[in-house]
Amino acid sequence: IVLLREGKISMDNGDYRGAIEIFSECISLNPSISVFSCRATCYKLLDMYNEAYFDYCYMIRLQPDDGSFYCSRGLCLAKLKKLTMAYEDLDNAIEMEPNNPNLYFGRSNVYAECHKHDLAVEDLTRALYELDHLTVGGVSTAVNHELRLKCGYRRAVS
């Protein structure tokens, strides 16, 4: 726990390489999803997508029913220009958690980067729909759908 805290402090201070070393030591002592997640985040912040990809692979082995891990791995694959595999992971993530707006946002980013703007807008529209219907503790978190759609569209075509 002390090492994990130190790693998070290094991460918060922008010392991602130092945090990776600390998280790697944590993993050697007790490999857990939370530590792999922290290290993968640091790898991504350093544009080390191949390394992050392998951390997400391990996380998926530990918890194969979490769509967000597939989404994160898919985003790494997209950065590595392995688009077929990226779309496969992103589609799997959405299949597992079809009401999770973050997964649609993630896939829309990949579509936008690949100049598939119609698909990006479609996913952003779905993400915004899911956000409008999201409840936390039984309370709706609905916001102005039209405003979100306009913001989302600009993001997709930029």
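None of the values given here were measured: they were computed from a predicted structure.

What counts and how
Residues numbered from 1 in each chain as written. Predicted model: local features only at pLDDT ≥ 70, side-chain atom pairs only at ≥ 80, totals over all residues. Heavy atoms only, no water. Helix = DSSP H or I, 4+ residues; strand = E, 2+ residues; numbered from the N terminus. Expected span 1.5 Å × (residues − 1). Buried < 20%, exposed > 50% of the residue type's maximum accessible area, 1.4 Å probe, protein only. Arc of directions from axis to C-beta. Contact = heavy atoms within 4.5 Å. Phe/Tyr/Trp six-rings, centres within 6.5 Å; stacked < 30°, edge-to-face > 60°. pLDDT = per-residue confidence, 0-100.

Turning our eyes to something else, we now look at helix α6 (residues 83-96). Structural remark: α-helix, 3.6 residues per turn; residues separated by three or four positions point the same way. Its 14 residues give α6 an end-to-end C-alpha distance of 20 Å, which sits within 8% of 20 Å, the value for a rise of 1.5 Å per residue. Looking at α6, one finds that the buried residues are A86, Y87, D89, L90, A93 and I94. Around the axis of α6, the buried residues are gathered within 160° of arc, so they sit on the same side. Exposed positions of α6 whose direction lies more than 90 degrees from the buried face are T84, E88 and E95. Looking at the buried side of α6, the elements it contacts are α5 (67-79) and α7 (101-113).

A word on the packing of aromatic side chains. Within the structure shown, the criterion is met by three aromatic pairs. Between Y53 and F54, the ring centres sit 5.1 Å apart and the planes meet at 75°, which makes this aromatic pair edge-to-face. The class of Y53 is buried, set by a relative accessible area of 15%.

This part covers unusual backbone geometry. The phi dihedral of D47 falls on the positive side, at around 60°, and the residue is not glycine. Here D47 is to be found in the loop between α3 (33-45) and α4 (49-62). For K81, which is not glycine, the phi dihedral falls at a positive 65°. With respect to the secondary-structure elements, K81 resides in the loop between α5 and α6.

Here we take up the side chain of S72. The topology assignment puts S72 in helix α5. Those residues in contact with S72, other than ones at most four positions away along the chain, are K44 and Y56.

Interpreting fine coordinate detail is not advised for predicted regions of low pLDDT. Scored by pLDDT, the chain has a mean of 87; 85% of the residues are at 70 or more. For the chain, strand β2 (residues 139-140) is the element with the lowest average pLDDT, namely 49, and α4 is the one with the highest, namely 97. Contacts from residues 139-144, a stretch scored under 50 in pLDDT, to residues over four places away or in other chains number 10 contacts.

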